[in-house]
Amino acid sequence: MPEMLEIEAYRRAAEPVLGRTVSSVHAPDEWYAKGDTTTDQLRAVLTGVTVTGLRRIGKLMLVDTDGPVLGLRYGMTGRILVDEAAPIEALEYSSDRNDPAWDRFGVDFSGGGSLVIRDPRRLGGVELDPDESKLGPDAAAVTRTPFGAIVSGSSAPLKARLMDQAKLAGLGNLLVDETLFRAGLAPDRRANSLADEEISRLHRTMRRTIMVLGERGGSHTGDLQPARVRGGLCPRDGAELNRADVGGRTTYWCSQHQH
DNA sequence: ATTGTGGCCTGCCCGC
DNA sequence: TGCGGGCAGGCCACAA
């Protein structure tokens, strides 16, 4: 599913639309307009604007224009199509089918081309001028000191804290499980129980994991990923993996080396 | 404020 | 062969 790595790939794929002007807006799904935004508003406000920038904070993609900022969320199954081409053809837990009926939002540009969100399960959404201050620092960029404060500032399970987008933006279920697997930390530890050395190790490991999986091609390319099934065994030491709900998400971790 | 829970969306897969 | 239940998780509303 799209976590920050996939959203970054989407952002890069969208770069050809920089400088283009929106000629028409396709917004057939009222459910897909989030916050105070309506589909009428999307059509009225975006028609005629020129794209001036493309940014990403965590899983939120931001399209800057000479009008409002357009915020795009992809949920679990959303993909981007730029000029009819998809940079990522298949997603974990999504369909291999590719049905235009799943186009929930899109814009056409003067002189040709388009930007479309195709999302079978409608878990993504579109919002005008989203409140960027509601997100914590991006996980790929956060430095040790603020990261330490984020981890230490909560008694919630470590995994829940790392997935709290208001505190740290970008990690989803797969990236977090892979990071904790590599760092040797148990997801159900209380976040504020980590020693300084463990926080440093977690910070290093998180950033390295984001980098490595980014190079491999996505959040589903982790070493733990093939073992994330019932009865799976730890790829590092062969021990049984624990499977439990942590932070509201199905979580796999090694019964031996993650403490 | 923090933390935890449940529901939403829908396609796919498994077992009967 | 068809059918139904369970499952996936990002996000939000809500409760305590």
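Residues numbered from 1 in each chain as written. Chains lettered and ligands numbered in written order. Predicted model: local features only at pLDDT ≥ 70, side-chain atom pairs only at ≥ 80, totals over all residues. Heavy atoms only, no water.

K.L.:
What is the right way to look at helix α6 (residues 196-216) in this model?
P.N.:
Since the α-helix advances by 3.6 residues per turn, residues separated by three or four positions end up pointing in the same direction. End to end, α6 covers 30 Å across 21 residues, agreeing with the expected 30 Å (1.5 Å per residue, within 8%). Where α6 is buried, its residues meet α1 (4-13), α3 (144-152), α4 (158-162) and α5 (173-183). Positive backbone phi, at 120°, marks Gly217, one or two positions downstream of α6. (Helix = DSSP H or I, 4+ residues; strand = E, 2+ residues; numbered from the N terminus. Expected span 1.5 Å × (residues − 1). Contact = heavy atoms within 4.5 Å.)

K.L.:
Help me out: how do you make sense of the pattern of salt bridges in this one?
P.N.:
Note on pairing: side chains with opposite charge can pair once their charged atoms come close. Across all of its chains, the model carries 18 salt bridges by this definition. Between Arg43 and Asp40 there is a salt bridge; the shortest N-O distance is 2.9 Å. Placement of the pair is Arg43 and Asp40 together in helix α2 (residues 39-46), with a separation of 3 residues, close to one helical turn. One salt-bridge network, in which partners are shared between bridges, spans Glu8, Arg11, Arg12, Glu15, Arg56 and Asp138. (Salt bridge = Lys/Arg side-chain N within 4 Å of Asp/Glu carboxyl O.)

K.L.:
Quick question: what am I supposed to make of the environment of Val82 here?
P.N.:
Looking at where Val82 falls in the secondary structure, it is placed in strand β5 (residues 79-82). Using a relative accessible area of 8% as the deciding quantity, one classes Val82 as buried. As a C-alpha pair, Val82 and Arg216 span 134 residues in sequence and 22 Å in three-dimensional space. With sequence-adjacent residues up to four places away left out, Val82 is seen in contact with Ala13, Ala14, Val17 and Ser114. (Buried < 20%, exposed > 50% of the residue type's maximum accessible area, 1.4 Å probe, protein only.)

K.L.:
Just checking my understanding: could you explain unusual backbone geometry for this structure?
P.N.:
In most cases, non-glycine residues show a negative phi, while peptide bonds are predominantly trans. At Asp83, a position not held by glycine, the phi torsion is positive, near 55°. Within the element layout of this structure, Asp83 appears in the loop between β5 and β6 (103-109). For Arg122, which is not glycine, the phi dihedral falls at a positive 60°. Checked against the element boundaries, Arg122 lands in the loop between β7 (114-118) and β8 (125-128).

K.L.:
Help me out: how do you make sense of the packing of aromatic side chains in this one?
P.N.:
Each aromatic ring pair is specified by the distance between its two centres and by the angle formed by the two planes. Per the stated rule, a full pass over the model turns up 1 aromatic pair. The residue whose ring lies beneath Lys34 is Trp31, and the NZ or CZ to ring-centre distance is 3.9 Å. We note Arg236 situated over the ring of Phe181; from NZ or CZ to the ring centre the distance is 5.3 Å. (Phe/Tyr/Trp six-rings, centres within 6.5 Å; stacked < 30°, edge-to-face > 60°. Lys NZ or Arg CZ within 6 Å of the ring centre and 35° of its normal.)

K.L.:
How should the protein's contact with DNA strand C be read in this particular structure?
P.N.:
Taken together, 16 residues are adjacent to DNA strand C, and Arg121, Leu123, Asn173, Arg243 and Arg249 come closest. A breakdown of the atoms of DNA strand C within 4 Å of the protein gives sugar and phosphate a share of 63%. Arg73 is positioned such that a nitrogen or oxygen atom in its side chain is 3.2 Å from a phosphate oxygen of DNA strand C. The separation between a phosphate oxygen of DNA strand C and a polar side-chain atom of Thr250 is 3.2 Å. Its residues assigned to classes, the surface near DNA strand C shows 5 nonpolar, 5 polar and 6 charged. (Near = heavy atom within 4 Å. Polar contact = N/O pair within 3.5 Å; in protein donor to acceptor, adjacent residues only side chain to side chain. Nonpolar A, V, L, I, M, F, W, Y, C, P; charged D, E, K, R; others polar.)

K.L.:
Help me understand the state of the cysteines in this model?
P.N.:
The term disulfide refers to a covalent linkage connecting the sulfur atoms of a pair of cysteines. Applying the stated criterion across every chain yields a total of 0 disulfides. Cys254 provides the cysteine sulfur closest to Cys234, a residue in no disulfide bond, and the two sulfurs are 3.6 Å apart. Classification of Cys254 by relative accessible area gives buried; the value is 0%. (Disulfide = S-S within 2.5 Å.)

K.L.:
Is there a simple way to think about the sheet that holds β5 in this case?
P.N.:
What holds strands together in a sheet is hydrogen bonding between their backbones, with the strands either parallel or antiparallel. The strand order across the open sheet built from 4 strands is β1-β6-β7-β5, with neighbouring strands paired in antiparallel fashion. The open sheet is flanked by β1 (22-26) and β5, the only strands paired with a single partner. Taken pair by pair, the neighbouring strands of this sheet meet at an average axis angle of 10°, ignoring direction. Pairing between β1 and β6: 4 bridges, direction antiparallel. From the neighbouring strand, Ser24 faces β6, where its bridge partner is Asp108. Sitting on the sheet, α2 touches β1 and β6, and the angle it makes with β1 is about 175°. (Pairing = 2+ DSSP bridges. Axes fitted to C-alpha atoms, helices over the stretch in contact; angles between N-to-C directions.)

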